[in-house]
Each structure stands twice: as structure tokens, then as C-alpha cells.
Amino acid sequence: MKSSLEIAQEAELLPIESIAERTGLTPDEFEPYGRYKAKISLDVIDRMAGQPDGKIVCVAGVTPTKAGEGKTTTAVGLTQGLGHIGKNPLLFVAKAVLGLTTTAALIERLTMDRALKRICGFALCKKLPSEATFSRAFDEFAEACLAERVHETLIKEYLGDQLIGHLSRDGTAIPARERPAQTGPAVQAPPPMKKKRGRPRKGDVRSPAKESPIVLQRGKSLAQLRKEIPMQCNRGTKCNAQGYKTSWNGYKLHLDTADCGVPISALLSSASMHDSVAAIPLSLISKERVTNLYDVMDAAYCSLALHDHCRMLNHVPLIDHNPRSGVKEAFEPADAIRYNERTVAERTNARLKDEFGGNNVMVQGGTKVMSHLMFGVLVLSADQLMRLRR
């Protein structure tokens, strides 16, 4: 993987006049300093006062490196990625960078910080939009899956031609500030037929065994699998690292994390959905973005159907055995060493929650919650890629 210096040296710089023309500046509104830099006159603010305000996208934050590569470097890179998919916002502003958890806090900070207000594309002489306007803008970004598309572009650009050793697959609880979805009245199922004891007689037809959801998923397209994943808020229960059961109202985020710590793909589901149901859709999404050798999963994914699916993708499955009241099968020594590196998935989940807004989900509805989390995943990916280039 190339370093930041090598990438910078290979870049072809555009003349500042070309950049000024793209942004709508006239020749008398900027003063060139060499071929690639310029100062912009403040008269531009008055000339553009009657034009519509630009859009703002609120994402999670990023801790700067020792070289100073932080929110500015990441934001500019993400802005260029948006330009490649047809979006042209002036800049990404990260809520978590400033420790802001609500839109009201963001508006208050923009009111006090004139520099931040200009960076976000707002005229200094104009009043900031209301919270409702920010919410409507976020709705548009969520419906357009903007964060998901930029993240996909980022992964394909920087890791698409790399060989990934293994992907660690895991799900994490996402508590939400909404009530669980109301389920309709239960349909009264007919009472099951009483089974006769002993072996069936000659000519008797046995009822077929019920197939697992994972077996039913095989052979379906990715689009069909994604439609079948429930995304309504409900009650979920999960065993933590200490083996204790915890329950929450909300959702569950499923991530595929590369061995280098970069999230490759993500899916959101209802909190009650079992982790293993997300394994096949996640693997198909990741396969479209990167090439990996191993699929590493814990005992919650233990299934012969998942083993066969991983081998069909030419991956080696490393899935912890679930004894189910039987004898636990241990890994081979070499496989055990690689399986122990699965903790990268837990570290990614922890960073997403603690540093990038995963613990501060203020929006409601599966689509908005996914968009909020994906902005965090997006900046987490950019932050981890920059750490790898140190």
C-alpha cells in the first residue's frame, strides 16, 4: 500500500484558476499566490448572499495522527469521494470531532464559530437553518444511502486490489431511542398432529424436517436477501464477552472487518435477528469489494451450511465450534492463532460506539439509524487507513 507522501507526489495538481472557475468565482474575486494557491475576497459573501445555501452532512469524528492528518485531511478526501458519485457538498462536518451529539448543539457551535460556519458553506451574514431543515437534509442523505455509497467507493479504491488475509464477522447491539415495533395479533396455528411412537409403518409418509434459515438463504440473490432482513426496532438479547445475557430495545449492526482493522461491509437488522442470518448477505457484499482468504466467526455462526457457503466463495471458514451439549471441537494450532485475531472485530465495534457516534443514536427508523451509523463507519475506515500509512 502506498504511503501518503507517494500518493501526494503522484497527484497532478490543477491550476488555481481552474478550481476557482469550478466554484463559480470570477477572476477579480481571488488573488493567486503562485500556480496552486489563492486568497478569496470577502466580497464573494455579499455577491452570493441570494443563492441557496449549501448542504451539510454530519458524520462522526477522527483522531488526528502525529503528523496532523485529522479532520481536515479526512473531510477533504471524503468530499472528493462524494464528487465522484455526483454529489458536490463543500465539506463534511463531523459532529463527534467537536463532541456534539445533537443538532441543536451543532447549530449552537456554528453560531459561535465563524470559521466553522464558513467551512460548512453558510454565509456569515445569514441566519443558520433551523433544526427541521437539518433533519430534512439528513432524511435525503439517508434515503439516498449516501454514506453507504461513499464507504463502498472508499473500500474499493484503497483495498479493492489488495489481498486480505481474513475478515472477522460480528454483530453488536445498537440501543435506540424509540419504542419497539408493535406486532400484530398472533395467528392461531393449528395444533400439531400427535406423533405416533415407534417406527413408521410401511406406506406412512413422514413429515419433512424444518430447514434452517441459513439453508433457505443459499441460492438467493443479494437483493432478495437484503429485502428479507428485518429492520424494525424490537427487543434483542445477546451474550456479552463474560457470558452474561444483556437485553436492549433497538437494532443490531453486523460488520465484516478486515485483518487491518478497516470495516469492509455493514448491515443493520432488528435486534432480535440472529447473527448467523446476516452471514451470507455480508459475505456476498464483501466479496464484491475485496478479496480475502479466511472467514472468521464465533460460535454463534456455527453451521454446516455456512461452512459450505464459505468454501463455495473459495474462502477457508474458521468458525468456532458450538458443542450444543456435546463435545467441543478444537482448532488446529495454526487456525487457533488466526482465530484469536478475531478480536479486531470487537475493537472495531468498541471504537465505533465510543469514538464515532455509535452510542449516540438520536434518530429513529431503520433507514436513518443505518445512515447515522454508516457515517461513523465511513470516518472510522478513513481513520484506520490513515493509521496504516504512518
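Residues numbered from 1 in each chain as written. Predicted model: local features only at pLDDT ≥ 70, side-chain atom pairs only at ≥ 80, totals over all residues. Heavy atoms only, no water.

**Describing the overall build of the protein chain**
- Secondary structure assignment for the protein chain yields 15 helices and ten strands.
- Looking at the 390 residues of the protein chain, the share that counts as buried comes to 41%.
- Residue pairs in contact within the protein chain that sit at least 24 positions apart in sequence constitute 65% of those at least 6 positions apart.
- A total accessible area of about 23000 Å² is found for the protein chain, and carbon and sulfur atoms account for 53% of it. (Helix = DSSP H or I, 4+ residues; strand = E, 2+ residues; numbered from the N terminus. Buried < 20%, exposed > 50% of the residue type's maximum accessible area, 1.4 Å probe, protein only. Contact = heavy atoms within 4.5 Å. Areas by Shrake-Rupley, 256 points an atom, 1.4 Å probe, with all protein chains shown as cover.)

**Quick notes on the pairing of strand β7 (residues 245–258)**
- Across the 14 residues of β7, ten count as buried, placing the element largely inside the fold.
- Across nine bridges, strand β5 (residues 163–175) lies against β7 in antiparallel orientation. The residue bridging Ile-174 from the neighbouring strand is Tyr-251, located in β7.
- In this structure, strand β6 (residues 234–239) lies alongside β7, joined through six bridges in antiparallel fashion. Its bridge partner being in β7, Cys-239 is matched across the sheet by Lys-245.
- Summarising the sheet, β7 and strand β8 (residues 263–270) pair through seven bridges and their orientation is antiparallel. (Pairing = 2+ DSSP bridges.)

**Topic: the packing of aromatic side chains**
- What the rule picks out here adds up to two aromatic pairs.
- Taken together, a centroid distance of 6.4 Å and an interplanar angle of 50° make the contact between Phe-138 and Phe-375 tilted. Residue Phe-138 is located in helix α7 (residues 131–143), and its partner Phe-375 is located in helix α15 (residues 366–388); the two are separated by 237 residues in the primary sequence. Of the two residues, Phe-138 and Phe-375, both sit in the buried class. (Phe/Tyr/Trp six-rings, centres within 6.5 Å; stacked < 30°, edge-to-face > 60°.)

**A few points about unusual backbone geometry**
- You will see that Cys-145, though not glycine, has its phi angle at about 50°, which is positive.
- Inspection of the secondary structure assignment puts Cys-145 in the loop between α7 and α8 (146–159).
- In this structure, Asn-314 takes a positive phi of about 65° despite not being glycine.
- As for its position among the elements, Asn-314 is in the loop between α12 (304–312) and β10 (316–319).
- Asn-314 gets classed as exposed once you look at its relative accessible area, which sits at 68%.

**Focus: the confidence of the model for the protein chain**
- With 77% of its residues at a pLDDT of 70 or more, the protein chain has an overall mean of 80.
- Element-level mean pLDDT values for the protein chain span from 38 in strand β4 (residues 92–94) up to 95 in β8.
- Considering only residues more than four positions removed or in separate chains, one finds that residues 86–94, a stretch of pLDDT under 50, has 30 contacts. (pLDDT = per-residue confidence, 0-100.)

**Re the pattern of salt bridges**
- Per the stated rule, a full pass over the model turns up 15 salt bridges.
- A salt bridge links Asp-256 to Arg-169; the shortest N-O distance between them is 2.7 Å. Of the two residues, Asp-256 sits in strand β7 while Arg-169 sits in strand β5, which places them 87 residues apart along the sequence.
- Residues Lys-238 and Asp-275 are paired through a salt bridge, measuring 2.7 Å at the closest nitrogen-oxygen approach. One end of the pair, Lys-238, is in strand β6; the other, Asp-275, is in the loop between β8 and α11 (279–289), and 37 residues separate them in sequence.
- Residue classification places Asp-275 among the buried residues on the basis of a relative accessible area of 5%.
- A network of salt bridges, in which partner residues are shared, links Asp-170, Asp-298, Arg-342 and Glu-346. (Salt bridge = Lys/Arg side-chain N within 4 Å of Asp/Glu carboxyl O.)

**Considerations on helix α5 (residues 103–112)**
- Along α5, the positions that sit buried rather than exposed are Leu-106, Ile-107 and Leu-110. Down the axis of α5, the buried set is contained in an arc of 100°. They therefore lie on one face. The exposed residues of α5 that point more than 90 degrees off its buried face are Thr-111 and Met-112. (Arc of directions from axis to C-beta.)

**Describing α12**
- Buried within α12 we find Ala-305, Leu-306, His-307, His-309 and Cys-310.
- By the N-cap criterion, in which a side-chain oxygen at the helix start approaches the backbone nitrogen of a residue two or three places on, α12 is capped by Ser-303, the distance to Ala-305 being 3.2 Å.
- Following α12 by one or two positions, Asn-314 has its phi on the positive side, about 65°. (Polar contact = N/O pair within 3.5 Å; in protein donor to acceptor, adjacent residues only side chain to side chain.)

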